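Breakdown of the fold
Listed below are the residues making up each chain.
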Amino acid sequence: MSIVLILGSGPNVVSCRTWPREPFDRIVAINNAWAVRPDWDDLIHPDDFPAARMPVEIAAHQRIVRAAEYVPLQNTYGGFVYAGGTMAFTASYWALAALKPRVIAVLGCDMVYAGASNTHFYGTGTADPLRADITLRSLEAKSARLMAIAARQGCAMVNLSQDESRLVFPRSTVADVVGAEPAAIDQNMVDAARAEEARLDYVVPSGKYWKEESRFDAAAIDALDALWLKAVPAV
């Protein structure tokens, strides 16, 4: 797999409706984003995603990815506490593990909601990353972690949005995405961050980390986030 496009539900995701299929080898839609364009390949959603919002028809090449598939793969990268418990990150880690792409390009995943009349492309929705969640204290750090781990796998993370974003991925365009390169990382800082994750042992194999939230120290997570931000020097 070479280039994967991941579509979130941010208002700017509709800009991709006129994009050609090339250069994307696979299109992954998160939650409602399957409605943006009909040629998606994978629809990934949490188990509480409403059945009424699912596509009525699914083509032979399309598939649904649910928690039973993505939770074990997310665990291979450290689990939800370290990765950040929102679907933009979950979809990216799933793609890293399942598709092993050279580039992951995201659109509609900026997670910026302040003053927005329409929080999602379909209107006003629940701003999931803004909920009080110990895994989402720094969206920037969680995106830096994702970018560093992807780089170690030989995968570039890029953001095709031109709007304000909480993601720290470098910006790109459809025309330039083919040439995207993995981020330069500070290997010593990556090793330090992974060692701290191992020491903390905030791993929840079921993925239901909120059931064990009382054992997670917010200050320790903040310190860990700071390490990940230093692991990607360009951030």
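The sections below set out a description of the structure shown in this document.

The rules behind the values
Residues numbered from 1 in each chain as written. Predicted model: local features only at pLDDT ≥ 70, side-chain atom pairs only at ≥ 80, totals over all residues. Heavy atoms only, no water. Core = buried A, V, L, I, M, F, W, Y, C linked by side-chain atoms within 4.5 Å. Buried < 20%, exposed > 50% of the residue type's maximum accessible area, 1.4 Å probe, protein only. Helix = DSSP H or I, 4+ residues; strand = E, 2+ residues; numbered from the N terminus. Contact = heavy atoms within 4.5 Å. Pairing = 2+ DSSP bridges. Phe/Tyr/Trp six-rings, centres within 6.5 Å; stacked < 30°, edge-to-face > 60°. Axes fitted to C-alpha atoms, helices over the stretch in contact; angles between N-to-C directions. Parallel < 35°, antiparallel > 145°, perpendicular 65-115°, else oblique. Left-handed = near helix turned anticlockwise from the far one by under 90°. Nonpolar A, V, L, I, M, F, W, Y, C, P; charged D, E, K, R; others polar. Salt bridge = Lys/Arg side-chain N within 4 Å of Asp/Glu carboxyl O. Expected span 1.5 Å × (residues − 1). Arc of directions from axis to C-beta. Polar contact = N/O pair within 3.5 Å; in protein donor to acceptor, adjacent residues only side chain to side chain.

**Focus: the nonpolar core**
By size, the foremost hydrophobic cluster in this structure holds 57 residues, and its most contacted members are Ile6, Ile44 and Tyr70. Top element by residues in this core is helix 3 (residues 87–98). It accounts for 9 residues. Once residues within four sequence positions are removed from consideration, tyrosine 70 is found in contact with Ile44, His45, Pro46, Asp47, Val65, Phe80, Met87, Thr90 and Trp94. Judged by nonpolar contacts, the second largest core, of 24 residues, contains Val36, Met54, Ile64 and Val158.

**A closer look at the pairing of strand 6 (residues 156–159)**
Burial along strand 6 is two-sided: Ala156 and Val158 facing one way and Met157 and Asn159 facing the other are all buried. Here 4 bridges tie strand 5 (residues 103–107) to strand 6, and the two strands are oriented parallel to one another. Across the sheet, alanine 105 pairs through a bridge with valine 158, a residue of strand 6.

**Observations concerning the packing of aromatic side chains**
Evaluated as defined, the whole model comprises 5 aromatic pairs. Grouping aromatic residues by their ring pairs yields a cluster made of Tyr82, Tyr202 and Phe216.

**A closer look at the packing of helix 5 (residues 187–200) against helix 6 (residues 218–231)**
Between helix 5 and helix 6, the shortest axis-to-axis distance is 8 Å and the interhelical angle comes to 160°. By the criterion of interaxial angle, the relationship of helix 5 to helix 6 is roughly antiparallel. Handedness of the helix 5/helix 6 crossing: left-handed. In this structure, helix 5 uses Met189, Val190, Ala192, Ala193, Arg194, Glu196, Glu197 and Leu200 to contact helix 6, whose residues at the interface are Ala220, Leu224, Leu227, Trp228, Lys230 and Ala231. Its residues placed into classes, the contact of helix 5 with helix 6 shows 10 nonpolar, no polar and 4 charged.

**Quick look at the sheet that holds strand 1 (residues 3–7)**
Strand order in the open sheet made by the 6 strands is 4-3-2-1-5-6, with parallel pairing throughout. Pairing within the sheet leaves two strands with one partner each, and these edge strands are strand 4 (63–65) and strand 6. In this sheet, neighbouring strand axes are inclined to one another by 25° on average, regardless of whether the strands run parallel or antiparallel. In this structure, strand 3 (residues 42–44) lies alongside strand 4, joined through 3 bridges in parallel fashion. Paired with leucine 43 across the bridge in strand 4 is isoleucine 64.

**Details of the pattern of salt bridges**
Taken as a whole and assessed by the stated rule, the structure comprises 14 salt bridges. Aspartate 42 is the partner of arginine 63 in a salt bridge, and the nearest nitrogen-oxygen pair spans 2.5 Å. One end of the pair, arginine 63, is in strand 4; the other, aspartate 42, is in strand 3, with 21 residues separating them in the sequence. Residue class for arginine 63 comes out partly exposed when judged on its relative accessible area of 30%. In this structure, the salt-bridge partner of glutamate 69 is arginine 63, at a minimum N-O distance of 3.7 Å. Overlapping salt bridges, with partners in common, bring together Arg21, Arg37, Asp39 and Asp41 in one network.

**A look at the pairing of strand 5**
With 5 of its 5 residues buried, strand 5 lies for the most part within the structure. Taken together, the 5 bridges between strand 1 and strand 5 define a ladder with parallel strand orientation. Its bridge partner lying in strand 5, leucine 7 is registered against leucine 107.

**Remarks on helix 5**
For helix 5, spanning 14 residues, the distance from its first C-alpha to its last is 20 Å, which sits close to the expected 20 Å at 1.5 Å a residue. Looking only at helix 5, the buried set comprises Met189, Val190, Ala193, Glu196, Glu197 and Leu200. Viewed end-on, helix 5 has its buried residues packed into an arc of 125°, placing them on one side of the element. Facing away from the buried surface of helix 5 by more than 90 degrees, the exposed residues are Asn188, Ala198 and Arg199. Structurally, helix 5 contributes buried residues whose contacts are with helix 2 (80–83), helix 4 (139–152) and helix 6. Structurally, the start of helix 5 carries an N-cap: the backbone nitrogen of asparagine 188 is 3.1 Å from a side-chain oxygen of aspartate 186. Following helix 5 by one or two positions, aspartate 201 adopts a phi angle in the positive range, close to 55°.

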